Amino acid sequence: MGIVEVYHDQKWLNVNFGDGSVARFLGSWLRDNIPAGRHRGGGQRTFDINSMPEVTLTGACHDSETVTVSFGPEGLDGEFDAAWLRQHDLAGSMASGTSPPPTLWASDIQGSLEFADYEALATDPGQLHDWLVHLRDYGFGLVEKVPTAPGSITKVVDLFGYLRQTNYGDLFEVRDEPDPANLANTRLGIGMHTDNPYRDPVPGLQFLHCLVNESDGGDSQLCDGFAVVERLRVEDPAAFELLSSQAVNFRFLDEGSTDLQASVPLIQLDTNGRVAGIRYNSRSIQAFEMPPDVMAEYYRAYRVFGEMLHDPLARIGFRLDPGQLMVFDNQRVLHGRSAYEHGERHLQGCYADKDALHSRIRVLDAV
Ligand code: OGA
Ligand code: ZN
């Protein structure tokens, strides 16, 4: 529906789109976003806010598809597209550029788990798109028939992102080793956790690719930490409040080469109070440092959260066989593994940033 009426005072422009709603736009915001202020190439803004004078609106006229606004004191005109204005309605609920809310899940999705075919993802943009959207919304994705030559994990990263190097190098090895420094390199079970909580920023996506699995046990488990945080928020608001406000320390020390530390709450919230990230790792969390009266309540909250994260009803589980790979949002989905014995088991892992995932989805959406 096109524009039927516009009116303004010195500060505000009102646009009636003819569907009963009137959108309001601040004059300074309009002046800041005039199309002529953007570079032809990539649309980057060519000026800084401090070079923009205090704006007054001196005129506005329209047809059904555009509004032309006159700005004082510069005597400048800017032409705005109706569709663009509608998209940026300042009272609108969904700002462009934001992602849809996560799809929260628990153990009941176990029956519908599917591994995508690597070759199909590599050759069919439609299938890649759908798989990436699942990864974005559910926080994890599964792939099979990935070549099992060491290093092939990077082929999956290359489908949409960029490898993120860490102190472990490009890739890390998960297999039983003599004299291990990390539980990863034992046959022990590993409880639910997020990786590298001592990094700042923490790696956004984690990939784990199975090269060999001849062992008994060693099943992979995933848990939607965001769903668990929502349960905690409802069932134990005091614990939620404490775990989302009290910082704790994480550390990875490799004498002589690495001493990574981060101090953050286990539950990080965004400015709207929505859960934005979780760090949870009993291997690298440090002795708590908090006043005695907080300490007792913190341990209560920490235990409640830990129990919820390990609730079998909150998780899915599966065995990774050679050629199978999982990728998950390391700030949302916790992972763990059961103990194993007998034969060899070898996974390779790596990390990537999450923004490239969103970028690839937008690019594929636009095709
Ligand atoms: C780890 C880990 C998973 C596995 O070492 O941090 O999560 O399946 N390993 O061995
Ligand atoms: Zn891990």
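If you're wondering where the values come from, they're calculated on a predicted model, not measured in any experiment.

**Student:** Sorry if this is basic, but what is going on with the pattern of salt bridges here?
**Tutor:** Pairing is possible between side chains that carry opposite charge, provided their charged atoms lie close to one another. Enumeration according to the criterion identifies 18 salt bridges in this entry. Residue D311 pairs with R231 through a salt bridge whose shortest N-O separation is 3.3 Å. Linking D311 in the loop between α8 (292-309) and β18 (315-318) with R231 in helix α6 (residues 225-235), this pair joins segments that are 80 residues apart in sequence. A salt bridge links R319 to D321; the nearest nitrogen and oxygen atoms lie 3.0 Å apart. Of the residues examined, D321 reaches a relative accessible area of 30% and is grouped as partly exposed. Linked by salt bridges that have partners in common, R231, E235 and D311 make up one network.

**Student:** Whenever I open this one, the coordination of the zinc ion (ligand 2) confuses me. Can you help?
**Tutor:** Tetrahedral metal sites with four donors have an ideal angle of 109.5 degrees; octahedral sites with six donors have ideal angles of 90 or 180 degrees. Protein-derived coordination of the zinc ion (ligand 2) comes from H193 (NE2), D195 (OD) and H335 (NE2), at a distance range of 2.1 to 2.2 Å. Counting residues between consecutive donors of the zinc ion (ligand 2) along the chain gives the motif H-x1-D-x139-H. Highlighted residues: H193 in strand β11 (residues 190-193) and H335 in strand β20 (residues 333-337), separated in sequence by 142 residues. Like H193, the residue H335 is buried in the burial classification.

**Student:** Help me understand the sheet that holds strand β4 (residues 56-62) in this model?
**Tutor:** Pairing between sheet strands relies on hydrogen bonds along the backbone, with the strands arranged either parallel or antiparallel. Here we have three strands laid out as an open sheet, ordered β4-β5-β6, and antiparallel in their pairing. Across the chains shown, the open sheet's two edge strands, defined by having one partner strand only, are β4 and β6 (76-81). Pairwise comparison of adjacent strand axes, ignoring direction, gives a mean angle of 25 degrees for this sheet. Relative to strand β5 (residues 66-72), β4 runs antiparallel, the two sharing six bridges. In the sheet register, T56 faces β5, and the bridge partner there is G72.

**Student:** Hey, could you run me through the pairing of β5 in this one?
**Tutor:** Each regular strand carries side chains that alternate between the two faces of the sheet. With five of seven residues buried, β5 lies mostly within the body of the structure. Hairpin connection, β4 to β5: the antiparallel pair is bridged by three residues. Two strands pair when backbone bridges link them, and β5 and β6 are joined in this way by six bridges, in the antiparallel orientation. Directly across from T68, in β6, lies its bridge partner E79. Where β5 hands over to β6, the hairpin turn is made up of three residues, of which G75 adopts a positive phi near 70 degrees.

**Student:** Would you mind showing me how to read the nonpolar core here?
**Tutor:** If you look at soluble globular proteins, the nonpolar side chains tend to sit buried side by side. Ranked by internal contacts, the top residues of the largest apolar core, which has 33 residues, are L232, L266, Y298 and F305. Where this core is concerned, the elements lending two or more residues are α6, α7 (237-243), β14 (248-254), β17 (275-278) and α8. Counting residues in each nonpolar core, the second largest holds 24 residues, with A116, V157, F160 and V327 among its members.

**Student:** Please clarify how the domain arrangement of the chain should be interpreted in this entry.
**Tutor:** A common way to express how large an interface is: the accessible area buried when the components associate. Assigned domains of the chain: these are domain 1 (3-87) and domain 2 (107-365). Between the C-alpha centres of domain 1 and domain 2 the distance comes to 45 Å.

**Student:** Got a minute to help me understand the site of ligand 1 in this structure?
**Tutor:** The environment of ligand 1 is formed by V174, A184, I190, H193, D195, L208, R283, H335, R337, R345 and L347. Measuring from an oxygen atom of ligand 1, one finds a side-chain N or O atom of H193 at 3.1 Å. Separating an oxygen atom of ligand 1 from a side-chain N or O atom of R283 is a distance of 2.9 Å. Taking 290 Å² as the accessible area of ligand 1 by itself, protein coverage stands at 97%. Mapped onto the shell around ligand 1, the elements with two or more residues apiece are β11, β20 and β21 (340-352).

Calculation criteria
- Residues numbered from 1 in each chain as written.
- Chains lettered and ligands numbered in written order.
- Predicted model: local features only at pLDDT ≥ 70, side-chain atom pairs only at ≥ 80, totals over all residues.
- Heavy atoms only, no water.
- Salt bridge = Lys/Arg side-chain N within 4 Å of Asp/Glu carboxyl O.
- Helix = DSSP H or I, 4+ residues; strand = E, 2+ residues; numbered from the N terminus.
- Buried < 20%, exposed > 50% of the residue type's maximum accessible area, 1.4 Å probe, protein only.
- Donors = N, O, S within 2.8 Å, 3.2 Å for Na, K, Ca; no water.
- Pairing = 2+ DSSP bridges.
- Axes fitted to C-alpha atoms, helices over the stretch in contact; angles between N-to-C directions.
- Core = buried A, V, L, I, M, F, W, Y, C linked by side-chain atoms within 4.5 Å.
- Domains from an automatic or database assignment.
- Near = heavy atom within 4 Å.
- Polar contact = N/O pair within 3.5 Å; in protein donor to acceptor, adjacent residues only side chain to side chain.
- Areas by Shrake-Rupley, 256 points an atom, 1.4 Å probe, with all protein chains shown as cover.

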